[in-house]
Structures are given as C-alpha cells and as structure tokens.
Amino acid sequence: MSAATGNWFDRAWRGLLLGLMTLFVINIGLIIAAVAVSSFAKRWLGTWLPDGWTTAFYTASWNEFQLGDVLWVTVEVVMAVVFLSLLIGVPAAYTLARRDFRGKRALLLLFLLPLMVPPITYGIPLATVLYQAHLAGTIWGVILANLIPAAPFVILVMTPFIEQIDVNLESAARVFGASTARMFWHVLVPLLAPGILAASLLVLVRTIALFELTFLTAGPDSQTLVVALYYAVFAAGVRAPQSVDAMAMVYMSVTLVFLLIALRFVNPTQLVSRVKEHPQHA
Amino acid sequence: MPASADTLARTPFDRSLLLVVPAAAFMLLLFVYPFLYGLALSFNPKEGGALANYSHFFTTDNLWPTIWITLKLALPATLINVAFALPIAYKMRVKTRYQRWVTMILVVPITLGTVLIAEGMLLYFGPRGWLSQTLQFLHLYEGPIRLTHNYWGVLISLVISGFPFAFLLILSYVTGIDPVLARAAATLGADPKAQFRHIYLPLLAPGLAMCFCLAFVQAFSVFPSAVLLGSPAGPTRVISIAAYEAAFEQYDYSLASAIAMIMGFVQLIIVAAVLSLRNVFYRGPVSGGKG
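Quick notes on the rules
Residues numbered from 1 in each chain as written. Chains lettered and ligands numbered in written order. Predicted model: local features only at pLDDT ≥ 70, side-chain atom pairs only at ≥ 80, totals over all residues. Helix = DSSP H or I, 4+ residues; strand = E, 2+ residues; numbered from the N terminus. Rg over C-alpha atoms; globule rule 2.2 N^0.38 Å. Buried ≥ 20, exposed ≤ 12 C-beta atoms within 10 Å, placed from the backbone. Domains from an automatic or database assignment. Contact = placed C-beta atoms within 7 Å. Nonpolar A, V, L, I, M, F, W, Y, C, P; charged D, E, K, R; others polar. Core = buried A, V, L, I, M, F, W, Y, C linked by C-beta atoms within 7 Å. Axes fitted to C-alpha atoms, helices over the stretch in contact; angles between N-to-C directions. Parallel < 35°, antiparallel > 145°, perpendicular 65-115°, else oblique. Left-handed = near helix turned anticlockwise from the far one by under 90°. pLDDT = per-residue confidence, 0-100.

> Would you mind going over the overall build of chain B with me for this structure?
Scanning chain B from N- to C-terminus turns up 13 helices and zero strands. Compactness check: chain B gives a C-alpha radius of gyration of 24 Å against a globular reference of 19 Å for 291 residues, more than 25% above the reference. A principal-axis box enclosing the C-alpha atoms of chain B has dimensions of 70 × 60 × 35 Å. The burial tally for chain B puts 46% of its 291 residues in the buried class.

> Before we go on, may I ask you to explain the overall build of chain A in this structure?
The helix and strand tally for chain A stands at 12 helices and zero strands. N-terminal to C-terminal, the α/β element order of chain A is α-α-α-α-α-α-α-α-α-α-α-α. Looking at the 282 residues of chain A, the share that counts as buried comes to 43%.

> What exactly am I supposed to notice about unusual backbone geometry here?
Comment: phi is negative for the bulk of residues other than glycine, and the bulk of peptide bonds are trans. All names here are of chain A. Phi at glutamine 66 takes a positive value of approximately 50°, unusual for a residue other than glycine. We classify glutamine 66 as partly exposed; it has 16 C-beta atoms within 10 Å. Unusually for a residue other than glycine, histidine 134 sits at a positive phi of about 55°. Inspection of the secondary structure puts histidine 134 in the loop between helix 5 (119-132) and helix 6 (139-164).

> Help me understand the domain arrangement of chain A in this model?
Interfaces are frequently sized by the accessible area removed from exposure as the parts join. All names here are of chain A. Per the domain assignment, the segments of chain A are domain 1 (2-39) and domain 2 (56-277). Placing the centre of domain 1 and that of domain 2 at their C-alpha centroids yields a distance of 32 Å. Taken residue by residue, the interface counts four residues in domain 1 and seven residues in domain 2. Split into classes, the residues belonging to the side of domain 1 that touches domain 2 amount to two nonpolar, two polar and no charged.

> Just to check I follow, could you spell out the nonpolar core for this structure?
Soluble, globular proteins show a tendency: their nonpolar side chains are buried together. Residues A:Val154, A:Leu229, B:Ile170, B:Ala243 and B:Ile259 are the most contacted members of the largest nonpolar core, which totals 170 residues. Residue-level mapping places this core at the junction of two domains, with at least three residues from each of domain 1 (2-39) and domain 2 (56-277) of chain A. Among residues more than four places away in sequence, those in contact with A:Leu229 are A:Met247, A:Ala248, A:Tyr251 and B:Val115.

> Please explain the packing of helix 4 (residues 65-91) of chain B against helix 10 (residues 192-220) of chain B as it appears in this structure.
In a packed pair of helices, the relevant descriptors are the angle between the two axes and the axis-to-axis distance. Residues and elements named next belong to chain B. Contact geometry for helix 4 and helix 10: axes closest at 9 Å, N-to-C directions at 140°. By the angle between their axes, helix 4 is oblique relative to helix 10. The crossing of helix 4 and helix 10 is right-handed. Contacts between helix 4 and helix 10 involve Thr70, Leu73, Ala74, Ala77, Thr78, Asn81, Val82 and Tyr90 from the former and Tyr200, Leu208, Cys211, Phe212, Ala215, Phe216, Ala219 and Phe220 from the latter. When its residues are assigned to classes, the contact of helix 4 with helix 10 shows 13 nonpolar, three polar and no charged.

> Explain the interface of chain A and chain B here, please?
Each partner contributes residues to the interface: chain A has 77 residues there, and chain B has 87 residues. It is helix 1 (residues 8-39) of chain A that provides the largest number of residues to the side of chain A that touches chain B, a total of 11 residues. Classifying every residue of the side of chain A that touches chain B by side-chain character gives 59 nonpolar, 11 polar and seven charged.

> Just checking my understanding: could you explain the packing of helix 4 of chain B against helix 8 (residues 151-175) of chain B for this structure?
Residue and element names in this part refer to chain B. Packing of helix 4 against helix 8 leaves a shortest axis separation of 7 Å and a crossing angle of 40°. Put simply, helix 4 runs oblique to helix 8. In this structure, the crossing between helix 4 and helix 8 has a hand that is right-handed. For the pair helix 4 and helix 8, the contacting residues are Leu73, Pro76, Ala77, Ile80, Asn81, Val82, Phe84, Ala85, Leu86, Ile88, Ala89 and Tyr90 in the first and Val154, Leu155, Leu158, Val159, Gly162, Phe163, Ala166, Phe167, Ile170, Leu171 and Val174 in the second.

> Explain the confidence of the model for chain A to me, please; I cannot follow it from the model alone.
Fine structural detail should not be taken from predicted coordinates in areas where pLDDT scores are low. All names here are of chain A. Summary statistics for chain A give a mean pLDDT of 83 and a share of 90% for residues scoring 70 or more. Of all helices and strands in chain A, the one with the weakest mean pLDDT is helix 12 (residues 268-277) (47), whereas helix 3 (residues 67-98) scores best (92). Note on residues 271-282: pLDDT under 50 across the span, and 30 contacts to partners over four residues away in sequence or across chains.

> Before we go on, may I ask you to explain the confidence of the model for chain B in this structure?
All names here are of chain B. Per-chain confidence: chain B averages 84 in pLDDT, with 92% of residues scoring 70 or above. Mean pLDDT per element in chain B: helix 1 (residues 5-10) is the minimum at 50, and helix 2 (residues 21-42) is the maximum at 93. For this predicted complex, the interface score ipTM comes out at 0.80, alongside a pTM of 0.84.

> Any chance you could explain the environment of B:Ser240 here in plain terms?
Within the secondary structure, B:Ser240 is located in helix 12 (residues 239-248). For the pair B:Ser240 and B:Pro224, spaced 16 residues apart in the sequence, the C-alpha separation amounts to 9.6 Å. In contact with B:Ser240, not counting residues within four places along its chain, are A:Ile120, B:Ser221, B:Val222 and B:Phe223.

> I'm lost on the environment of A:Ala34 in this one. Help?
Structurally, A:Ala34 is set in helix 1. Taking the C-alpha atoms as reference points, A:Ala34 and A:Ala151, 117 residues apart in sequence, are found 36 Å from one another. What A:Ala34 contacts, discounting residues up to four positions off in sequence, is B:Gly120, B:Leu123, B:Tyr124, B:Gly129 and B:Trp130.

If you want it as structure tokens, here you go:
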C-alpha cells in the first residue's frame, strides 16, 4: 500500500495494535498450555513445571466422569441438531431468498429474535414448558432447545448463499419438467453444497460450545461435554484437579478438530462477506 | 423471481411458501410459545398480586443490583471487543500471506468455550501460576495477582471468549466492502485516514451495530464464567445467576420467569439504543458500488 510512508503516529498505532494482538495471543496460548501441562502432571505445586509426568489422569477422568457416555450424548445431540436445523432451515432460507410476500419482515424478525435475546431469557420458560411435556432431562429436550438458536442461524447464513444462485438455472430445470422436489435435489443442493457445509460446520461448533440451553434442559443422562465439564469444575475439590484439566483438554481437542476441518473448507472472510454483499433489508 | 405484494395477491397461492412453514411453526412452538408462557407465568406469582414478582425483584437487595452488575460487565466487555476487533479486522482486509494465518490464530479461541477459559485462567493467573511466577522472577511485581474470583476475572474471560467472534464478524463486513470505493476516493485525493473516515466507517456502521448487538447478547447472558471466575455471591452476581437460583434452587418458576423477562427487556433497550445510534451516524444504502 502507498500508505506505508506514514508518519510516526501511524507507526505508533500500528505498533500498539501489533503489541496488543501479540499479548492477547501469547496469553491465550499460555492459558491453554497451563491446562495442558496440568493435565499431564503427577504433582504440580508452585513450580515452573510439574515434578513428573503421567497420563493416568486421562484414564481417571474417562472413568470418573463417564466421558465415553458424555461424548456419545454430545455426538448424538450435535448430529441431530445439525441435521434438523438444515432440514427446516434450508427450505425456509430458499423461500426467504426467492420470494416476496406479505409478512416477510415479521418472519425475518421471528428468525432474528432468538439470536438477539439472551438464551437464559427464553431458556428458563422453555425449560418449564419442556418439564411439563416430560421432555426436559431427556436427550430430545436438549436437541429441541439447541435447535432454537441453530435453525435461525442456518437461515441467516443460507439466505445470501441462495440469493447468489442464478434464478435461470431453476427456470431451466422447470422448463424440462422438474418438480419442486427434483429441482431442489438435483439443482439447488449440489450448488449449495459449500454453503450447506459451511452452515453445518458453524452450527456444529456453536452447538458443542452452547452452554446455557443445554445446562437448563439436560438431565443426568443427557449432559453434553460442555455441561459435564462445568459440573466437573464447579464440584472440583473432591477430585484431583488434573482429571478436570484432562477433561478440558478432551473438550478442546474435539472442538479444535472440527474447527480445523471447518477452516479447511471455509475461508472465514469469504464465508461471511457474502452476507455483506446481500444485506438483509430487515 | 421476486414478485411484488400486489401481483402476489392476484396470482394463485404460491406453493413454495409452504417451505417456510416448518421453520416458522418450530419457532412459534418452541420460542414464541414458551416466551409468552413465561411472560404470563411472571404475572402469576406464588403469592401476592399480578406485579408481586416485579416489585419483589426491584425491592430485594440481592436481586435488583444484578442488572447493574451485569451491565457493568457486559458493556465494557462488548466495547473492548468491538473497539479492538475493528482496527485489527480493518488491517486484515488486504489479502496478504499472513491474513489467513492471523485470522486462524485469532479465531481459535472460539473453540475454547467459557469453561475451559475459566479453568485455564484459574491456573495461569492463580497465586502460584505462570504469570505470578514470571513477574516475581523478573522482579517486576511481588505482590499477589488478583485477577480471578473477582470482577476482572469475569471481564477478562468475556474478552477472551467474545473477541474472536466480534473479529470474525467485523472482518466479514470489512472484506464485503468493495475496495474500488476506497480507490475511487484515493484518486480524488483522500488519504488513508479520510478513506476510513468517509468510506469505510459509514458503510460499516450497520455491520458494527449488528456486531455490537450480537456480542452484547453473549456478554449479557454471562453465566459459567461469573460462577467459576467471579465471586457469584457478591460483585459478580449477574442477573442470570439470580434467574437460575430462583428457578432451580428455590423452584419459584414464576419469579424466575419474571427475572428472565426483565433480562430480555434490558437487552432490548440496549439493542434499540444501539440501532438508533446507528441511524444518527449514517442513513442510506449499505450496498454501494454495484450497479
């Protein structure tokens, strides 16, 4: 850029930004490293590094916290949320992208509100309703609760993706006699594959990390990893801190794997810049 | 093809509108209905008149201050996140070798989750953690570091968990602005500062307002880090703790719903304020340069 010949103010500003960014990244790295070191530590009391190393706490936390069950529940919940949110979100996004109709703005508001209201605000009444329907405490209650922010999220991400696809392709399919279902399956879904992949990975990462709604609706057998981790930290003291750290490392590895997969397929700047090119006029 | 409302009224029923029905029905059933149910429940207290819950909230000493406690945490955290994310994202808008790597490194904390951040901060900032050991080793500061179990611990964790999100969102808005606009301004003699002030900032205003609102929702509903990193009985007794205690420790769902409604109301006031501020700032089309 030609602006490289800036005065001292520009240079100071750039240095400040770089410094703050470095400080932020280094400290986060050290925070993660502290948990990682502690999870492998035999005993770690006020020294730079622990006295000895062991992996015993991974097996211990696997058994103590029933991590196998918790991971399985997490996988079930996340897969169900991703599948169902795509199933109801993508068709809705299609209609919102292609059609103008009376009440469209109200509908957009309906899909935007769950993202604008704190989860606790609707989570507490929702938990009450789910308890009455005998769904709270079951895995279905957790799935339903997690769908509330997930489905609107899919709609908001997918609408601009669909707007980008040339309408003529659909018309061509119609000319050759394709029904709406066939047109959807053979024309739109292949073209939307990158968008669907991006949306599902984002929903996946968000659902793994979503704490409040799962916390309010889960029972002992339907806890996801993040809620189990919270209870482990909250009730710490009875157990060795290392086993909590081991569990935290398991949690981080799971989400990190999915994030890295997501970043392989989606450049974060590309993904959301499409949102910007077609802003919702809501 | 988008059809206007007039032509639509005359044409036969458009079957593709049915596609939106499952999603709308789902939201009505699981978002709107529980919300209205909670609203009705909040006016139907265990004892007393219709407004008993609300008067209880605003007259009890460990309830009404939770609003200020939460705002005192959420507003600075959101401001810090948006204020730092904006210049960094602005720098990252130009495609360089480093852009993708820096973006990736800054985005990774999204996966950490509040609980892992809390656990890590308890270790790292703890009395015998690496930070205090390093400071003592360098003879910079000998005293105890008080960054956990108080206000600052919660604020720091909100910044760590909220910054990547704000950064990603603002980055997407910045890269969505056509650089041709800035170049056009440059040919008319605008220096980089003027380009930012007169081209990017006005076009970014709606995105920034949106980002502020979404980041604020996350910070305002702070719960796990306020318990694990703060002092949940005192200075970081945020409103979601009060709501949770009412629902699951006192089993007073009516009071809990009332607190939840107050929480939503405060949130909506902030969102409305931010959006009206945006209108003062800039009004007009946001999708410039294509036409």
